[in-house]
Amino acid sequence: MNSTQVVVIGGGPGGYAAAYLASDLSKQVTLVNLDKNPGGVCLYKGCIPSKALLHVAKLLNETEDAKKWGIEFAKPKIDLDKLRNWKNGIVDKLTGGVGLVGKQRKINFIQGKASFTSSSKLTIEKKDGETEELEFEKAIIATGSQIATIPSLDIKSKRVLNSTTALDLPAIPKSLLVIGGGYIGLELGSVYQALGSKVSVVEMTSGLLPGADRDLVNFLAKKIKEKYDKVMLNSKVTEMKEVKNGVSVKIEGKEGKVTEEVYDYVLMSIGRKPDTSGLGLDKTSVKVNQRGWIVVNKQMQTDDPNIFAIGDIAGEPMLAHKASHEGRVAAEVIAGHKSAFDPLAIPAVVFTDPEIAWAGITENQAKEKGINYEVAKFPWAASGRALTLDRNDGVTKLIVDPESQRLLGIGICGPGAGELIAEGVLAIEMGANLTDLKLTIHPHPTLSETIMEASEAFFGQSTHMYKPKRK
Ligand SMILES: Cc1cc2nc3c(=O)[nH]c(=O)nc-3n(C[C@H](O)[C@H](O)[C@H](O)COP(=O)(O)OP(=O)(O)OC[C@H]3O[C@@H](n4cnc5c(N)ncnc54)[C@H](O)[C@@H]3O)c2cc1C
């Protein structure tokens, strides 16, 4: 039987980060993955292909906006095959590159499906049809999450897309209904809207992006209302059936009123879920909680001393950067370091137009937890850089501890929010207070100044906004 010091099951951003660091820390590593290269959902059918298409959407939107500035382009011609190939090329380049740096590290990469036969042994059904038994000292489970479905609405129609098939760009639907107003649905909805589809969204709760701060979401909601055909809140899909040239969808609104409409395509985007079936966890002491996630401690150890779990399979937030950091902690713990996954802030970014990003504590969380806080805001309408981009539809919002004046949380809405948020994350992790932020010289004219000016606003001293501090 073959043996390895560390086996990592699943080659997503969590798994390959863990495998590569374990190797850098002198461990002999085997990485088992279903796909031919590492990358996981994020590189193959998540973060990367969606952001490539969102880049195209941004370009298309800007050519529309340019009309206001006296510049008019001809109606864009979209070659869907070429666009798909470009996007697939990015995925191939990135997954190939990630695979290559694994080979350079001499990691034993096996394409196949692994399941435990005990707390120290695995069986791997390899892609080539062979089965390999592997003995390990430590294992890291990094098998990610799956697309959630509603069984009663699972009508097996090619016109009902999920996030994976939507990224394959099967067509530019004349009309598209997005079921679910979460970040994946809104990102993909905005891609199709920019490509020319008439997009509607139906969301069960009272607002888009449930859980996110309304001060941030309001700008996005306004833009979506302008661009989309319909936004149906407090509403749920009760029935779907394929009809000639489309999908007929019944939607129940707030007062129980049911409407029926035919859409060219439907995108079902109601979330993601953990799935540990087929992993053979019953042969180990690994425990799974009621919602299906593997239970881990801050060292990413499961209840089985030999087995760690990281990434989407180990709980929310299901984000690639959280997976990678957990992976690196597991690798360090296995290498004997005193490590723990204990972040003060995990950034979340919604790559819509405008973008929304936040990190640390939100205002609602502060309220719910009874934490004493103050809010400082800087509207982008007062930012020179935002005006030069013709984008005053944004805000930078800080949640501050009034005693220590430390930054507890940050939320940003506006183009580039996903890049800007990193400064806030660093400030929270470093324990920066608002004096640190306001005294840090930010380059002009940039959107990063909105963080400095929001900090100045906390003291009632923002240069570009008159709002004296209440005594
Ligand atoms: C459309 C979309 C857009 C997204 N955009 C973003 C974004 O912008 N930013 C962000 O942070 N997150 C984003 N995410 C979420 C992100 O993709 C996940 O949080 C991330 O991929 C989780 O990483 P992971 O390593 O836990 O697992 P995954 O990336 O899910 O990788 C797990 C891997 O394990 C393999 N595997 C499963 N079982 C086995 C087995 N038994 N044996 C061997 N291999 C196995 C799977 O095939 C898969 O390759 C997006 C997701 C989607 C769907």
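Here's what I pulled together on the structure shown here. (Residues numbered from 1 in each chain as written. Predicted model: local features only at pLDDT ≥ 70, side-chain atom pairs only at ≥ 80, totals over all residues. Heavy atoms only, no water.)

## Examining the sheet that holds strand β20 (residues 395-400)
Whether parallel or antiparallel, the strands of a sheet pair through hydrogen bonds between backbone atoms.
Then, in step 1: Overall, antiparallel pairing links the five strands, which are arranged β17-β18-β21-β20-β19 in an open sheet. Every other strand in the sheet has two partners, leaving β17 (348-350) and β19 (374-379) as the edge strands with one partner each. Strand-to-strand twist across the sheet, computed as the mean angle between neighbouring axes with direction ignored, equals 10 degrees.
Then, in step 2: Helix α7 (residues 214-227) contacts β18 (356-360), β19, β20 and β21 (407-413) of the sheet and is inclined by roughly 170 degrees relative to β18. (Pairing = 2+ DSSP bridges. Helix = DSSP H or I, 4+ residues; strand = E, 2+ residues; numbered from the N terminus. Axes fitted to C-alpha atoms, helices over the stretch in contact; angles between N-to-C directions. Contact = heavy atoms within 4.5 Å.)

## A few points about the sheet that holds strand β9 (residues 198-202)
Then, in step 1: Spatially, the five strands line up as an open sheet ordered β7-β14-β8-β9-β10, and their pairing is parallel. With partners counted over all chains shown, the strands left at the sheet margins are β7 (160-161) and β10 (230-232), one partner each.
Then, in step 2: The sheet contact formed by strand β8 (residues 175-179) and strand β14 (residues 265-268) spans four bridges and is parallel. Bridged to Leu-176 within β14 is Tyr-265.

## Regarding empty space enclosed by the protein
Then, in step 1: One pass over the full model with this rule turns up three cavities of 30 Å³ or more.
Then, in step 2: In this structure, the largest cavity spans a volume of roughly 90 Å³.
Then, in step 3: Asn-61, Ser-190, Gln-193, Leu-220, Lys-223, Ile-224, Lys-227, Tyr-228, Thr-352 and Asp-353 are the residues that line the largest cavity.
Then, in step 4: Secondary structure elements with two or more residues in the lining of the largest cavity: α6 (183-195) and α7.
Then, in step 5: Per element, the largest residue contribution to the lining of the largest cavity is four residues, and it comes from α7.
Then, in step 6: Class assignment for the residues of the lining of the largest cavity results in three nonpolar, four polar and three charged.
Then, in step 7: Looking at the second largest cavity, the residues that line it are Asp-213, Leu-216, Trp-358, Ala-359, Gly-360, Ile-361, Thr-362, Glu-363, Lys-397, Ile-399, Ile-410 and Gly-411.
Then, in step 8: Elements with a contribution of two residues or more to the lining of the second largest cavity: β18, β20 and β21.
Then, in step 9: Per-element accounting of the lining of the second largest cavity gives the leading share, three residues, to β18.
Then, in step 10: Of the residues assigned to the lining of the second largest cavity, the class counts are six nonpolar, three polar and three charged. (1 Å grid on protein atoms, 1.4 Å probe; cavity = no way out; pocket = protein on both sides within 12 Å on 5 of 7 lines; lining within 4 Å. Points joined across faces, edges and corners; volume = space filled by probe spheres on them. Nonpolar A, V, L, I, M, F, W, Y, C, P; charged D, E, K, R; others polar.)

## Some remarks on the site of the ligand
Then, in step 1: Taken together, the neighbourhood of the ligand is formed by 39 residues, with Gly-14, Val-41, Lys-51, Asp-312 and Ala-320 sitting nearest.
Then, in step 2: Here Gly-14 contributes a backbone N or O atom positioned 2.9 Å from an oxygen atom of the ligand.
Then, in step 3: Contacts to the ligand include Leu-34, whose backbone N or O atom sits 3.5 Å from a nitrogen atom.
Then, in step 4: In isolation the ligand has 1,000 Å² of accessible area, and contact with the protein removes 94% of it.
Then, in step 5: Within the residue set of the shell around the ligand, elements represented by two or more residues are α1 (13-24), β2 (29-33), α2 (40-45), α3 (47-65), β3 (108-116), α6 and α8 (320-334). (Near = heavy atom within 4 Å. Polar contact = N/O pair within 3.5 Å; in protein donor to acceptor, adjacent residues only side chain to side chain. Areas by Shrake-Rupley, 256 points an atom, 1.4 Å probe, with all protein chains shown as cover.)

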